[in-house]
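Listed here are the chains, written in short residue letters.
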Amino acid sequence: MHHLLRKIIAILALLLSPLASAQTPEKITPLMLNVQDAPIPFQGSDARTHLVYELELKNFSSGALTIEQLEVLAPDNSILQTLDAKEIATRLQLAGHRDSTAVMPPGTLALLFIHVTMPAGQPAPAHLTHRVRVNAEAAPPGQNEITETGGEIAVDAQPVAVIGPPLRGANYISADSCCDATRHTRAALPVNGRVWIAQRYAVDWEQLDDANRIYHGPRENLASYTIFGKEAIAVADATVASVTDGLLEQTPGKYPENISIEQADGNSVVLDLGNHRYAVYAHLQPGKIRVHPGDAVKRGQVLGLVGNTGNSVAPHLHFHVVTNPSPLAANGLPYEIDSYQLTAKSPGTAAFDQAEEKGTPLAIVPLPSPHQVTNGLPLDQLIISFQP
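In this text, all values refer to a predicted model and were calculated from it rather than measured experimentally.

J.: Which parts of the structure should I look at to understand the pairing of strand β25 (residues 340–345)?
T.: Regular strands place side chains that alternate from one sheet face to the opposite one. With five bridges joining them, β25 and strand β26 (residues 365–373) adopt antiparallel strand pairing. Along β26, the bridge assignment pairs K345 with V365. Alignment of β25 against strand β27 (residues 382–386), held across four bridges, turns out to be antiparallel. Each residue of the ladder has a partner; that of L342, found in β27, is I384.

Pasting the structure below:
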């Protein structure tokens, strides 16, 4: 009798417990949402706070999912950003692909590349959540429209590295820079069992001559390019983590064929900035690197000369900051350059690509007067002057 009474009391306690009464209703969620790398707020050259990250989507169903809308939510459920189907179709990439789509075939994984720009003077929220509306092909008739909320992530409030410029002089272009250029920001690579985006905040620095040309003379001649041979300098007092040298220059105008992963950066220097931050300088000239692994360097010290080695179509300085000294198995980190001037804007990537291909003047849009930037990451397609 006592045994039966104890069982009845246990059952009643379970039924009346807060856990049972507050149990979440069960709902089929064919779309799984996750954020692997929390966004790190940083200030851009526009003096506004930016968040750049990837929302991982998994289609855990037997039919296609069409992603129709995304809303990025603050902790109070206010909407920070909305992407419609058209915008999603330019930002969603299936795993292993570089082209974009709004449709996820059954059993697939994709990354949605998100860039949130906060209103002027407003800091980033502490947490983000995502509300996604999809059309599910495998759902019962009349139940195809599904809205899911998930991918909650705490914003990473770690301090952003403030550094000096990697070059000296004027008329530099921040090509393929943050935050919506596809060549760097979306270069997701599976390395050692993890997806990394080392180049999330990378920039390809090129330079215009007095006629706003990237090069003048034969396209295949390295000396035709304005930036060729310019000095790449240390962005901070640092220790040289690694050096790669001895790789030959590539012929401008075409990408090299059958280049190995190890040679993709060409001749390079990696600086240890401390606090698990590493600055990568790629595509330097052979035999012109002036530092060695283990050297202590000072801000402004010459590391090498800009070249066209590795996986490069034209002379330029590729620069980015990462969490590891590896060029691939690392997480790209934002940074802010402490002082530079904005003098003009490029018409955009398409116009830049044409000028780089044909050697024609880039139809830049000058600013009414140079704009001084203090502590900002150079955004894409700006014309920049670095003071000596």
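J.: Would you mind going over the pattern of salt bridges with me for this structure?
T.: Side chains that differ in charge, positive against negative, can pair when their charged atoms come close. For the structure on display, the rule yields twelve salt bridges. One salt bridge connects R131 with E71, and the closest N-O pair in it is separated by 2.6 Å. Of this pair, R131 sits in strand β9 (residues 127–136) while E71 sits in strand β4 (residues 65–73), and the two are 60 residues apart along the sequence. Relative accessible area serves as the criterion here: at 11%, E71 is assigned to the buried category. Here D176 makes a salt bridge to R183, at a shortest N to O gap of 3.1 Å. Note on D176: relative accessible area 6%, which makes it buried. With a relative accessible area of 37%, R183 lands in the partly exposed category.

J.: Looking at this structure, how should I read helix α5 (residues 349–358)?
T.: Every α-helical turn comprises 3.6 residues, leaving residues that sit three or four positions apart pointing alike. Among the residues making up α5, those that are buried are F352, A355 and E356. Down the axis of α5, the sector holding all buried residues measures 100°, keeping them to one side. At its buried positions, α5 is contacted by β12 (169–175) and β15 (203–207). Two residues or fewer after α5 comes G359, characterised by a positive phi angle close to 75°.

J.: Honestly, the confidence of the model for the chain in this entry has me stumped. Any pointers?
T.: Confidence along the chain averages 93 in pLDDT terms, with 94% of residues attaining 70 or more. Between residues 7–17, whose pLDDT stays under 50, and residues either more than four places distant or in other chains, the model counts two contacts.

J.: Which parts of the structure should I look at to understand the state of the cysteines?
T.: Linking two cysteines covalently through their sulfur atoms gives a disulfide. For the coordinates displayed, the defined rule picks out one disulfide. Note that C178 is cross-linked by a disulfide to C179, the S-S spacing being 2.0 Å. Disulfide C178-C179: the torsion about the S-S bond is 95°, which places it as right-handed. With a relative accessible area of 6%, C179 lands in the buried category.

Analysis parameters
- Residues numbered from 1 in each chain as written.
- Predicted model: local features only at pLDDT ≥ 70, side-chain atom pairs only at ≥ 80, totals over all residues.
- Heavy atoms only, no water.
- Pairing = 2+ DSSP bridges.
- Helix = DSSP H or I, 4+ residues; strand = E, 2+ residues; numbered from the N terminus.
- Salt bridge = Lys/Arg side-chain N within 4 Å of Asp/Glu carboxyl O.
- Buried < 20%, exposed > 50% of the residue type's maximum accessible area, 1.4 Å probe, protein only.
- Arc of directions from axis to C-beta.
- Contact = heavy atoms within 4.5 Å.
- pLDDT = per-residue confidence, 0-100.
- Disulfide = S-S within 2.5 Å.

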